[in-house]
Amino acid sequence: MLGSLIFLGGSAVYALYWAASHGQFKKMDQGAKIIFDSGEPVGKVTDQFPGVDMKKKEEQRLAKRKMKKA
Amino acid sequence: MSQNLKNMPVEANDALERAQVDASCRVPVLLFFATAIFWLVVGTVFGLIASLKLHDPYFIIELPSWFAFYLEKFSPAGTVEMINSSLTFGRIRPAHLNTVAYGWGSPAGLGVAIWLMARLCRVPLRYPTLVSAAGVLWNIGMVVGIGALLSGGSTSIEWLEFPPYVTFILFISFALISIWAVDMFVHRKPGHVYVSLWYIMAALFWFPWLYGTANILIQLAPAQGSVQGIINWWYGHNALGLWFTPLGLAAAYYMIPKVIGRPVYSYYLSAFGFWALALFYSWNGGHHLIGGPLPAWLITTSIVASVMMVIPVVVTAINHHMTMKGNFNVLRYSPTLRFVVFGAMSYTLASLQGSSMAFRELNAITHFTHYTIGHSHLGLYAFYTMIMFGSIYYIVPRLLGREWVSALLIKVHFWTCAYGIVTMVLLLSVGGAIQGWMLQHPENPLNKFSDIVEATKPWLRGRSISGCLIMVGHLAFAYHFALMLLKFGRSEGGPTLLAQPESNTDSAGSHS
Amino acid sequence: MNKLTTLFCGFLFTFVLAWLGLVIIPHFQFGQLQPFVNEDTGESFPPFRSGLANRGKQVYEANGCIYCHSQQVRPDYLSADMARGWGARRSVARDYIYDKPHLLGTMRTGPDLSNIGVRQPSEAWHHEHLYAPQSKSIGSTMPPFRYLYKIQKIQGEVSPNALKLTAEDAPAEGYEVVPTAEAVALVAYLKSLSQNYSLPEAKLSTE
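As the structure is a computational prediction, the values presented were derived from the model and not from experiment. (Residues numbered from 1 in each chain as written. Chains lettered and ligands numbered in written order. Predicted model: local features only at pLDDT ≥ 70, side-chain atom pairs only at ≥ 80, totals over all residues.)

Bringing the overall build of chain B into the picture now. Each helix and strand in chain B was counted, giving 18 helices and zero strands. Taken against the 2.2 N^0.38 rule, which gives 24 Å for 512 residues, the C-alpha radius of gyration of chain B at 24 Å falls within 12% of a compact globule. Dimensions along the principal axes, computed over C-alpha positions, put chain B at roughly 80 × 60 × 45 Å. Within chain B, the fraction of its 512 residues that count as buried is 57%. In chain B, the proportion of contacts linking residues at least 24 apart, taken out of those at least 6 apart, comes to 84%. (Helix = DSSP H or I, 4+ residues; strand = E, 2+ residues; numbered from the N terminus. Rg over C-alpha atoms; globule rule 2.2 N^0.38 Å. Buried ≥ 20, exposed ≤ 12 C-beta atoms within 10 Å, placed from the backbone. Contact = placed C-beta atoms within 7 Å.)

What follows is the structure, given as structure tokens:
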């Protein structure tokens, strides 16, 4: 039990150390944005139910909320 | 950019590139999806029949006598016996498993993977015809394989029941597909390699090793007895952990941020989670054989690795949750997000449950029971299959240039399958726990084996009902997909998500 | 993380480690076991199966028996398998050296069968149970394996191997149910299933 813990845990720690020292973790957060482009930028929802006007529905929902609060 | 037409705005250029990439993989990806959805329906039928037989052993055990009488006259001798024998639980059950794993799960994953690779490498798929041919070959392998299973040719090795000549066909088909996927990666546009690509490339690399080794050392050059056991479950667990899980996570890591329009919360966590999964998951296999005829060091190592899996699982869960935070309202409006988030949450649950089941004390009760079956459905269905559904809902409109026909059909699909699988897992877990507890306490005179069988029956009947619910969802999905292929998809109507570059100028002003 | 080579090395390293640990090392550590030979009697354990029993093992495989039945007795510090009478000792690797493929199983919808040859040596019982499980085991959910049997007209006298069935399982008047060659082989296999011998690494609890 102890043997396998040391072995597996140790390899994990070593691998992390190796990666860090070989610059694998530089500029990571840029990578997350690569799935967006100018046509489908950050902030744009890209999926909705067919035939449903999402913008309108969301506006209606927020309007209802405002009315409830008032 | 490959076609930078100077007069077009940048948005149109990007949209054009996306459209070109989508067009290049249209035929093979749709072929894989059609394959997957066809076998999904077939596999669900097998599953339902198997489920009914578990509590009703006389359910369709043979052809009706009047039919058999006439069939005997007009067919070769032994036809009736062959059909009757193909109906037994012991053949229907592996037919279910192999159909859903290799007929639905793998083609769905391959279709999603090819599209994701094309999009993320931002290059078109070269030689799509070859990939389509591989898809046809895969189907041939499936038909021959299921036919072999039903007619008594199973190898009787769980997850590897197809005879060697069928695994050979599937292997060739797989090789053809992965070569072109890797080709896209090699020719990718410069820039960062997205997390989904790591998972896909890893899965494409690991699967042939798994499939090849297992088939060679169990079928062709068999290892001795219990060594086959550990190789069997090294393969079986890694088919889940190093093939299906990476494909599912690859899809989730793309779909969630892409649909809500926010990048993944912590990219560092993604990298850490990926490598932790790669390191630990592959050691889990022995936890299927706790108490079995194997050395203690082997079993213990697998238990430790199964518990270490908590690390990548929790890391992934944090990442997905923090990405979704503040955007849960999008679940109202996006079919893809519903399925994918359901799947991602199920991944966390299934994995944590799995880690708990590796402890010897709990395993003593759950091993050999329906609890394990509940767990496997939580993983392969609630996690993997739901994510694949969501991905297919996202990808198909982009390949066909048309939106899905009916929001109602999508909602029927989602709710029947969501309720269906939750019910199924709960019923099997409770029923299995009861079964296991009774098995472990034979000192109680009320725990004779026949009592255990009676105790599980109501839970199994409930499971059949949940299976019917899931069947409805799958039929709705298959019908809807067929409508799309037959060009019934919507091409306009409202602010469609597939607006052409020209009409994008409306929203162009609204983004940062 | 951006080069194919780095990624590839990572995939390879993580995979090969476990491949070595779970596949290759076991193959060498307990994949070349020899049978145990009793020096006094010359008997070899585990015993060889007869040709008929081996045929029966193929019938077991072709009909998916593993999906309801296991063939491994867990130790008594971990389970009640032995208390349930499924074996006088735990199963060990050497019990399976002749099994190609292994039939360890993962479900106990039905009982464990490692020692069924010891618990139930009656051929007639097995045939009747395979043909109509509920007649032998009330409430059983085991499927009836009718296609392993033939219903034939009685020629003169009832065949010696005809099944003794009652009530709704019995065939029509003047007919009898006899086992096919596959059923005979399968029962021979079931009767051969026994781990009721001591090995140096695992002694029977009855000794």
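After that view, the rundown keeps rolling.
Here we come to the overall build of chain A. The helix and strand inventory of chain A stands at three helices and zero strands. Expressed as a percentage of its 70 residues, the buried residues of chain A come to 17%.

The subject of this paragraph is the domain arrangement of chain B. All names here are of chain B. Here chain B is described as being made up of domain 1 (21-62 + 81-191) and domain 2 (215-487). If you average the C-alpha positions of domain 1 and of domain 2, the two centres end up 18 Å apart. With 29 residues of domain 1 in contact, the opposing surface of domain 2 contributes 36 residues. Listing elements by their share of the side of domain 1 that touches domain 2, those giving two or more residues are helix 2 (26-55), helix 5 (89-121) and helix 7 (164-186). In terms of residue class, the side of domain 1 that touches domain 2 is made up of 18 nonpolar, eight polar and three charged. (Domains from an automatic or database assignment. Nonpolar A, V, L, I, M, F, W, Y, C, P; charged D, E, K, R; others polar.)

Another point: the packing of helix 9 (residues 225-260) of chain B against helix 12 (residues 310-324) of chain B. Residues and elements named next belong to chain B. Viewed as axis vectors pointing N to C, helix 9 and helix 12 meet at an angle of 15°, and their least axial separation amounts to 10 Å. In terms of orientation, helix 9 lies roughly parallel with respect to helix 12. Crossing of helix 9 against helix 12: the hand is left-handed. Contacts between helix 9 and helix 12 involve Leu-249, Ala-252, Ile-256 and Pro-257 from the first element and Thr-316, His-320, Thr-323 and Met-324 from the second. (Axes fitted to C-alpha atoms, helices over the stretch in contact; angles between N-to-C directions. Parallel < 35°, antiparallel > 145°, perpendicular 65-115°, else oblique. Left-handed = near helix turned anticlockwise from the far one by under 90°.)

Let's shift gears to unusual backbone geometry. For the bond running from Phe-45 of chain C to Pro-46 of chain C, omega is 0°, close enough to zero to count as cis. For Pro-46 of chain C, the location among the structural elements is in the loop between strand 2 (44-45) and helix 2 (51-62). A cis amide bond, omega 0°, links Lys-100 of chain C with the succeeding residue Pro-101 of chain C. Residue placement: Pro-101 of chain C occurs in the loop between helix 2 and helix 3 (116-119). In the Ramachandran plot, Trp-159 of chain B falls in the positive-phi region, its phi being about 75° despite a non-glycine side chain. Note that Trp-159 of chain B resides in the loop between helix 6 (128-150) and helix 7.

On to the environment of Thr-79 of chain B, then. Residues and elements named next belong to chain B. Inspection of the secondary structure puts Thr-79 in helix 4 (residues 79-86). What makes Thr-79 partly exposed here is the crowd of 14 C-beta atoms within 10 Å. The sequence separation of Thr-79 and Ala-175 amounts to 96 residues, and the corresponding C-alpha distance is 37 Å.

Let's shift gears to the interface of chain B and chain C. Across the boundary between the two partners, chain B contributes 74 residues, which contact 63 residues of chain C. The biggest single contributor to the side of chain B that touches chain C is helix 8 (residues 195-220) of chain B, with nine residues. In terms of residue class, the side of chain B that touches chain C is made up of 38 nonpolar, 27 polar and nine charged.

Another point: the nonpolar core. In this structure, Ile-114, Met-117 and Ile-200 of chain B are the most contacted members of the largest nonpolar core, which totals 181 residues. Among the elements that line this core, the one with the most residues is helix 9 of chain B, at 22 residues. Among the domains, domain 1 (21-62 + 81-191) and domain 2 (215-487) of chain B are the pair contributing at least three residues each to this core. In contact with Ile-200 of chain B, not counting residues within four places along its chain, are Ala-113, Leu-116, Met-117, Pro-246, Leu-247 and Ala-250 of chain B. Judged by nonpolar contacts, the second largest core, of 29 residues, contains Leu-130, Tyr-131, Tyr-147 and Tyr-149 of chain C. (Core = buried A, V, L, I, M, F, W, Y, C linked by C-beta atoms within 7 Å.)

The next subject is the confidence of the model for chain A. Averaged over all residues, the pLDDT of chain A equals 78, while 87% of them reach at least 70. Element-level pLDDT for chain A is lowest in helix 1 (residues 2-21) of chain A, with a mean of 74, against a maximum mean of 83 in helix 3 (residues 54-69) of chain A. (pLDDT = per-residue confidence, 0-100.)

If you trace the backbone, Val-92 of chain C turns up in the loop between helix 2 and helix 3. Under the C-beta neighbour-count criterion, Val-92 of chain C is labelled buried, with 22 such atoms within 10 Å. For the pair formed by Val-92 of chain C and Pro-75 of chain C, sequence separation is 17 residues and the distance between their alpha carbons is 9.8 Å. When sequence neighbours within four positions are dropped, the list of residues in contact with Val-92 of chain C reads Pro-293 of chain B together with Leu-199, Glu-201 and Ala-202 of chain C.

Looking now at the packing of helix 16 (residues 407-440) of chain B against helix 17 (residues 449-485) of chain B. Residues and elements named next belong to chain B. Orientation of helix 16 relative to helix 17, taken along the N-to-C sense of each, is 165°, at an axis distance of 8 Å. Comparing the axis directions of helix 16 and helix 17 gives the class roughly antiparallel. Helix-helix and strand crossings are classified by hand; for helix 16 and helix 17 the assignment is left-handed.

What follows concerns the confidence of the model for chain B. All names here are of chain B. Considering every residue of chain B, the mean pLDDT works out to 91; 94% of them sit at 70 or more. Every residue in residues 1-5 scores below 50 in pLDDT, and together they form five contacts with partners more than four places removed in sequence or on other chains. Low pLDDT, under 50, characterises residues 499-512; the stretch is placed with 13 contacts to residues that sit more than four places away or in other chains. Listed scores for the predicted complex are pTM 0.93 and ipTM 0.95.

So, about helix 15 (residues 370-400) of chain B. Residue and element names in this part refer to chain B. Look at helix 15: 42 Å from first C-alpha to last across 31 residues, which is about the 45 Å you get at 1.5 Å a residue. At Leu-378, helix 15 shows its strongest bend, of approximately 30°. In terms of burial, helix 15 is a largely internal element, 28 of the 31 residues being buried. Gly-401 sits one or two positions beyond helix 15 and adopts a positive phi of about 70°. (Expected span 1.5 Å × (residues − 1). Bend = angle between axes of the 7 residues up to and from the residue.)

What follows is about the environment of Ile-230 of chain B. Its location among the elements puts Ile-230 of chain B in helix 9. Expressed as a C-alpha distance, the spacing of Ile-230 of chain B and Pro-293 of chain B, which sit 63 residues apart in the sequence, is 9.8 Å. Here Ile-230 of chain B is in contact with Gly-285, Gly-286, Leu-289, Leu-294 and Leu-298 of chain B together with Leu-22 and Pro-26 of chain C, once residues within four sequence places are set aside.

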